[in-house]
Amino acid sequence: MTGDQLCECIRRGGYARERAIQTIHRRFFYLVRTVGVREIRLSYEDAQMAYSDAVTELDSMVRGNVAIEDIGKILYTLVYRRCVDIVRKRTTKTKAEPLDQRQLTLDLPQWLLDALQHSTEAMQELFEVEEASERQQRQQRILACVRMVVDSMPSKRRALLVDKLDGYDYEELTQLHGFKTEDVAREMVSRAMQSLRSALKEACSQQQPTCRDLCAWLRRKQL
Amino acid sequence: MNDPRTARIENYLNGTLPPEERLAFEAALSTDPELDAEVRLHRVARLAVNMESLLERRERLQTQGRRLLRRHLWWWKIRDWAEDTFAQHNPEGFRHLQWGRLTLVSLSLLLVALGTWWLMQVSQKSEAPIVLRPPQELYQMHYKRLEINYTLGADEEDSYTQARQQYIQGHCAEAVKLLDEALAEPTFENRAMALLLKGSCLLEMSQAADALQTLRQVPPIAGGVHREAQWYIALAYLQLGQRSQAIEQLQQIAAQPRHPYSAQAKALLGVK
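Every value quoted in this text rests on a predicted model; they were computed, and no experiment measured them.

## Brief notes about the nonpolar core
No. 1: Counting residues in hydrophobic clusters, the biggest one holds 45 residues, and the most contacted among them are B:Ala175, B:Leu196, B:Leu197, B:Leu215, B:Ala234, B:Ala236 and B:Leu250.
No. 2: Broken down by secondary-structure element, the contributors of at least two residues to this core are α6 (135–142), α7 (159–169), α8 (172–184), α9 (191–204), α10 (208–215), α11 (224–240), α12 (243–254) and α13 (262–269) of chain B.
No. 3: Of all the elements, α11(B) adds the most residues to this core, at ten residues.
No. 4: If sequence neighbours within four positions are ignored, B:Leu196 has contacts with B:Leu146, B:Leu215, B:Val218, B:Val225, B:Glu228 and B:Ala229.
No. 5: Among the nonpolar cores identified, the runner-up in size contains 38 residues, and A:Leu116, A:Leu126, A:Tyr168 and A:Cys211 belong to it.

Shown next as structure tokens:
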């Protein structure tokens, strides 16, 4: 399969996307050694993690309709950047969160935050803060709240929502999750989404400290 | 199913509302704080699923990566070692082979291989009884008189038959005399067997040199008798203390899988 065909499959979603990502992951796996280990001098384990992150990022870029001319070149650049991130993380001392605030944040890498921000256009407004250092911490706090709410949901519902977002159509969801009909699948997706929104509302009504920033934005209060 | 308000919000966020409806919806958003809050909630819910999807994909790819890495690691480490040892990197990124090291390692490997082969040969030989024990002792251990039967109905006046009987009774000196008589007759038919018996007797009489000369006269066409003679030739060499000739002879016997003394020859040579 050519690069364009692989991108097309990723955009299509569902099984086609799954297969395309597996193909890309296997086809360019040599980058773990050539870039991560031989060029940047990381351990094989770290280089592998950087490579997997790069493939995740590529998937997110293709889904976000970023024009990709050459998958190999883009992936090389992404792997190189993720490897450099690992080196930087080791060599620089980052500003630590105060101890009492630590449980309120997630330690997500910046590329993942960026990918999220770009995949959900309206979220730029949610994360927008003038000071750059404050922005990252705010992102981490909001995502920690979101993660907490998602984690509180039953795993089957969570999986159903993720599969729907991953581009599986209702026919495929019916097979994947064992629903009787496509209408049942549609109804279950709708209910799962509703229960997620209710859980978010509930977290705000309980005034969870993790969710302070998110709930303030939802209520449109001046931060 | 979704209520109409939720469905409208979803369509708006999916960008599937017709342009006029979209404009109307955006106007409502700026005036209706409740609708605005609900749209925000939908957006955050989408963000939540998006994040979950990304994290799950990341986890899945890392698991797959670990599996692939296990499969490639040993080969990649060999390549790393080879590159680090034999290639020199310069600042422009070019690699040069270090021929000196390459030759040195190749020669070392060759030497190790040759050394291993030589050691195997030596250890194989050193375990062989023919190397470890004195040849005469081996001769004593392996010499056995030929097993022959009385020939029923044969002419008892015939010197060959008498020689056989003497041989069976263990009178080798008499047997040799009678066999010489028989062999002197130009029309004598059992020449090969008579030579074998004479050779065996001479061995028993500790006349290995004469035995060798006699046994070598057994023609290959005699088949089984010739094969017996081959074994006694090896024993004659052992009696004479000529180890290397004995080994050569035993190797010839061992090389014939159907030879009646093949197993014994192999045992003496220490070959499996």
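## As for the interface of chain A and chain B
No. 1: With 44 residues of chain A in contact, the opposing surface of chain B contributes 32 residues.
No. 2: Top element by residues in the side of chain A that touches chain B is helix α4 (residues 44–63) of chain A. It accounts for ten residues.
No. 3: Its residues placed into classes, the side of chain A that touches chain B shows 24 nonpolar, eight polar and twelve charged.

## Some words on unusual backbone geometry
No. 1: Non-glycine residue A:Arg41 carries a positive phi angle of around 65°.
No. 2: On the secondary structure map, A:Arg41 appears in the loop between α3 (31–39) and α4.
No. 3: Its 11 C-beta neighbours within 10 Å are what place A:Arg41 among the exposed residues.
No. 4: Backbone geometry places B:Ser206, a non-glycine residue, at a positive phi of 60°.
No. 5: Assignment of secondary structure puts B:Ser206 in the loop between α9 and α10.

## Notes on the confidence of the model for chain B
Caution applies to low-pLDDT parts of the model: their predicted coordinates are not meant to be read in detail.
No. 1: Confidence in the prediction of chain B, expressed as mean pLDDT, is 86, and 92% of residues score 70 or more.
No. 2: What the predictor reports for the complex is a pTM of 0.62 with an ipTM of 0.85.

Reading guide: rules and limits
- For every chain, the first residue of the written sequence is number 1, and numbering continues from 1 along that sequence.
- Chains and ligands are labelled by the order in which they are written, letters from A for the one and numbers from 1 for the other.
- Note on the predicted model: pLDDT of at least 70 is required for a residue's local features to be given, and 80 or more for side-chain atom pairs to be given and counted; whole-chain, interface and lining totals, by contrast, use all residues.
- What makes a nonpolar core is a set of buried Ala, Val, Leu, Ile, Met, Phe, Trp, Tyr and Cys residues, with links drawn between C-beta atoms within 7 Å.
- Counting other C-beta atoms within 10 Å of each residue's C-beta, where C-beta atoms are placed from the backbone, gives the exposure class: buried for 20 or more, exposed for 12 or fewer, partly exposed between.
- Numbering goes from the N terminus for both helices and strands, where a helix is a DSSP run of H or I of at least four residues and a strand is a run of E of at least two.
- Once C-beta atoms are placed from the backbone, any two residues with those atoms within 7 Å are in contact.
- Just so you know the grouping, Ala, Val, Leu, Ile, Met, Phe, Trp, Tyr, Cys and Pro go in nonpolar, Asp, Glu, Lys and Arg go in charged, and all remaining residues, Gly too, go in polar.
- Each residue carries a pLDDT score, the predictor's confidence in it, ranging from 0 to 100.

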